[in-house]
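Residues per chain, in single letters:
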Amino acid sequence: MTWVLATMLLAVAAPFVLWPLLARPPAEPRSPRTGAPRHREGG
Amino acid sequence: MFLAELGSAFLLASFVLAVLSGVAGVVAGRGGDLTLARVARRAFYAAALGLVGASGTLLTALLSHDFVIAYVFEHSDRSLSLPLTAAAFYGGQEGSLLYWALLLALMGSVAVAAAAVSNPGTTAFANAVLAGIVGFFLLVMVFVASPFALLSGTPTDGLGLNPLLRDGGMLIHPPFQLAGYSAFGVPFAFAIAALLSGRDDAAWVAQTRRYALVAWGLQSAGLTLGMWWAYHVLGWGGYFGWDPVENAALMPWLATTAYIHSAQVQERRGTLRAWNFGLVIAAFLLSVLGTFVVRSGILPSVHTFAVSPLGTWFFGFLVASVAISGGALARRSGRLRSPQPVDASPSREGAFLLQNILLVALTAAVLWGTLLPLISGMTGRTLVVGAAYYERVSAPLLVAVLALLAVGPLLPWQRVRGGWLRLLRWPLAAAGVTLAGLVAAGVRQPGALVALPLVAAGLVTCLLEYGRVAVLARRLAGPLPLAAARVVARNRRRYGAYLAHVGILVVAAGLVGSHVWQQSRQVILLPGQSVTVGSHTLTYEGMAAQPAGDHSALVARLAMGDETLEPARLTYPSLGGQALTHVAIRSSPFEDVYVVLAGADGGAAAFTVYVNPLVTWIWVGGALLILGVLLGNLVRPEVERERVPAGLGATVPAR
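These lines cover the structure that appears in this document, whether it is placed above or below. (Residues numbered from 1 in each chain as written. Chains lettered and ligands numbered in written order. Predicted model: local features only at pLDDT ≥ 70, side-chain atom pairs only at ≥ 80, totals over all residues.)

**So, the overall build of chain B**
- The helix and strand tally for chain B stands at 20 helices and 10 strands.
- By its C-alpha atoms, chain B is 75 × 70 × 60 Å across when sized along the principal axes.
- Taking all 655 residues of chain B together, 51% fall into the buried category.
- Considering only contacts in chain B between residues 6 or more positions apart, those separated by 24 or more positions represent 72%. (Helix = DSSP H or I, 4+ residues; strand = E, 2+ residues; numbered from the N terminus. Buried ≥ 20, exposed ≤ 12 C-beta atoms within 10 Å, placed from the backbone. Contact = placed C-beta atoms within 7 Å.)

Written as structure tokens, this is what we have:
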């Protein structure tokens, strides 16, 4: 019972705690050649 | 049953969140990952919320007499009043651990949230340290000493609270004392964070000083209320017995007193850097040591109701804390060398340094006396020191501190220019007049003849500082009291500190007076007989038995002039006949008449009568000291710089 309740409490807390990670914009793709962000690469 | 499951679940979830917060904090601090630092903070806030839930659950269980929970059964019963039933929350081992963790989590959350705005990198490490401390408490509560452990059956009533704790003092002393202990964790966390992150410049001092003051203020309140409670409840005529547990509360207070002064030297002059780290760390380690001493029961103490098998856990925690902080300090020791040493000539920083040395020496002496039975016990011959040791060691050190209270605030930073005597003429005059007055009044006790003139000198020094308020206020428009209030409000750190100084001096006068001039007599009286102590004559009129709810009371009546004093002995049949003394005290500003009913046999009654001069001053001084902390540092944290109202074009000169 304790473990079930604790898991439920953690499930409630998880979105609040992990939100900064979830809301982080995906890392910009980088050029394997120069290491610079891809949009700066080019012509 | 459900409450126990819910409370345990809150603790378990909080433990998981504290571990997550600690790990995320370390990783974020090392890698500079601000997103992970936010996750660490949020996990810490959530853990704090879980502790609020667990505390609410325990309170509900206590108030609803859910005796299937062992803690509720062992620390409350149906006859307890509502406030004392609620106070049983921290009245026992497991509950006090929960209370401690709750307060540290709440204070830590506020500190972390505030610091993260300006300094997220360092705060991630502080977050990790705080999560580590809270996590330790949760670990103990989840796996070793749960406040929600269940009994096999549900008893109809509980065992009740220890009689010593059935007192109004129970509602105020432990909350402040435990809050003080837990609060030392916050400045410690920020000090370790500064060391780990390499940001060990003066910024950490500014950040930590306020948290140290919160801890110091709470511990001051805890100590004062503890002395007040001991005086009113224990019935031995005193208020501080150098008991190991009292010493344990005093030591971190002394170390932090040193720190809040030496921090100013670092802020002004950039010196004492390693020393300041050492003091903050020492205060926390001493508070953990104190907890270890209380919980382990390794030293004989009046606080034996707190003894438990948790001593080993706290010893482990103490060792880990010493290792981590020692390692962090050693790693940075090269960087912490001050660019210039403190000038040894008479100056404000010199006074602060001397004060620090005196306070650290006093702390070391108290630590030695406290641990001596333990250390000597290892050699097979246990040595114990009594109050006489502490008084002999502390008296000269405290006299020197009193002298510094009179001299230090008048010294300028860096170096005295001009004559010494001119600077100190008023305090010296006050000391001289007081000394002459005492001698003329027939006082011959060396303690009073040395200490009280210094107290007078210190008070005059504080008055001189407040006199400058009047000078500045006259330059402002508007009524003088209002203008003076404005000047004080805008320089509240300075004037709050002087109010705390006044408080300490008033406490010192109370300590000296009650120590030097205490009178006592032990007598056995038959009804109609009298005893005279000092200028007071008390006549024993008789004894009456008064049954009460959970105890029976033998109440003696003694006439003293127009008043009647009624000392009593309470007996608790439900607690194996435990007896408790109820002291009768007639307080006045200059002396207390304090009567203890030691026993009764037939018509005769044994009394101990004390006349305790100036004890009230200790309580008043303690209140002034706390008021000074509140006025000076907590109310408006953004006011840091000393300045006078705009338009005046002048800053209060920092001498």
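Following the structure, the description resumes.
**A word on the overall build of chain A**
- Across its full length, chain A carries one helix and zero strands.
- Counting all 43 residues of chain A, 9% fall into the buried class.

**Observations concerning helix α19 (residues 492–516) of chain B**
- For α19(B), with 25 residues, the first-to-last C-alpha span of 35 Å sits near the 36 Å given by 1.5 Å per residue.
- Burial analysis of α19(B) places 21 of its 25 residues in the buried class, which makes it a mostly covered element. (Expected span 1.5 Å × (residues − 1).)

**Brief notes about the pairing of strand β10 (residues 604–613) of chain B**
Residue and element names in this part refer to chain B.
- Judged by how many residues are buried, β10 sits mostly within the fold: seven of 10 residues are covered.
- In the sheet, strand β1 (residues 519–525) pairs with β10 via seven bridges, with the strands oriented antiparallel. Across the sheet, residue Ile524 finds its bridge partner in β10, namely Ala606.
- Here 10 bridges tie strand β9 (residues 591–601) to β10, and the two strands are oriented antiparallel to one another. Residue pairing in the sheet places Val593 in a bridge with Val611 of β10.
- Between β9 and β10, which follow one another and run antiparallel, lie two residues, and Gly602 among them has a positive phi close to 60°. (Pairing = 2+ DSSP bridges.)

**Considerations on the packing of helix α8 (residues 185–197) of chain B against helix α9 (residues 202–233) of chain B**
All names here are of chain B.
- Where α8 contacts α9, the two axes come as close as 8 Å, and the packing angle between them is 160°. By the angle between their axes, α8 is roughly antiparallel relative to α9. Of the two possible hands of crossing, α8 and α9 adopt the one that is left-handed. The residues of α9 that touch α8, namely those facing Val186, Pro187, Phe190, Ala191 and Ala194, are Trp204, Gln207, Thr208, Tyr211, Ala212 and Ala215. (Axes fitted to C-alpha atoms, helices over the stretch in contact; angles between N-to-C directions. Parallel < 35°, antiparallel > 145°, perpendicular 65-115°, else oblique. Left-handed = near helix turned anticlockwise from the far one by under 90°.)

**Quick word on the environment of Ala584(B)**
Residue and element names in this part refer to chain B.
- Among the structural elements, Ala584 can be located in strand β8 (residues 584–587).
- Assessed through the 25 C-beta atoms surrounding it within 10 Å, Ala584 is described here as buried.
- Between the C-alpha atoms of Ala584 and Ala556, which are 28 residues apart in sequence, the distance is 9.7 Å.

**Examining the sheet that holds β8(B)**
All names here are of chain B.
- Sheet architecture is open: four strands sit in the order β1-β10-β9-β8, paired in antiparallel fashion. A strand with exactly one partner marks an edge of an open sheet, and here the two such strands are β1 and β8. Adjacent strand axes in the sheet meet at a mean angle of 15° when their direction is disregarded.

**Structural notes on the pairing of strand β2 (residues 530–533) of chain B**
Residue and element names in this part refer to chain B.
- One ladder, built from four bridges, connects β2 with strand β3 (residues 536–547); its direction is antiparallel. From the neighbouring strand, Val533 faces β3, where its bridge partner is His536.
- Here β2 folds back onto β3, and the loop between the two strands holds two residues, one of which, Gly534, carries a positive phi near 60°.

**Focus on the packing of helix α10 (residues 244–269) of chain B against helix α13 (residues 348–377) of chain B**
Residue and element names in this part refer to chain B.
- Running from N to C, α10 and α13 cross one another at 160°; their axes reach a closest spacing of 9 Å. The angle between the axes of α10 and α13 places the two elements in the roughly antiparallel class. At the point where α10 passes α13, the crossing takes the left-handed sense.
- Here the residues of the contact of α10 with α13 are counted per class, giving 14 nonpolar, nine polar and two charged. (Nonpolar A, V, L, I, M, F, W, Y, C, P; charged D, E, K, R; others polar.)

**Some points on the nonpolar core**
All names here are of chain B.
- In this structure, Ala101 and Val134 are the most contacted members of the largest nonpolar core, which totals 199 residues.
- With 17 residues, α9 is the largest single contributor of residues to this core.
- Excluding residues that lie within four positions of it along the chain, Ala101 makes contacts with Leu51, Val134, Phe137 and Leu138.
- Judged by nonpolar contacts, the second largest core, of 17 residues, contains Ala556, Val583, Val593 and Val595. (Core = buried A, V, L, I, M, F, W, Y, C linked by C-beta atoms within 7 Å.)

**A closer look at α13(B)**
- Along its 30 residues, α13(B) runs 43 Å from first to last C-alpha, staying within 8% of the 44 Å computed at 1.5 Å per residue.
- Taken as a whole, α13(B) carries its principal kink of about 50° at Leu371(B); the proline Pro373(B) stands between one and four residues after it. (Bend = angle between axes of the 7 residues up to and from the residue.)

**What about unusual backbone geometry?**
Residues and elements named next belong to chain B.
- If you check the backbone angles, Trp242 has positive phi at about 55° while not being a glycine.
- Although it is not a glycine, Leu614 adopts a positive phi angle of roughly 60°.
- Looking at where Leu614 falls in the secondary structure, it is placed in the loop between β10 and α20 (615–634).
- Leu614 gets classed as buried once you count the C-beta atoms within 10 Å, which come to 24.

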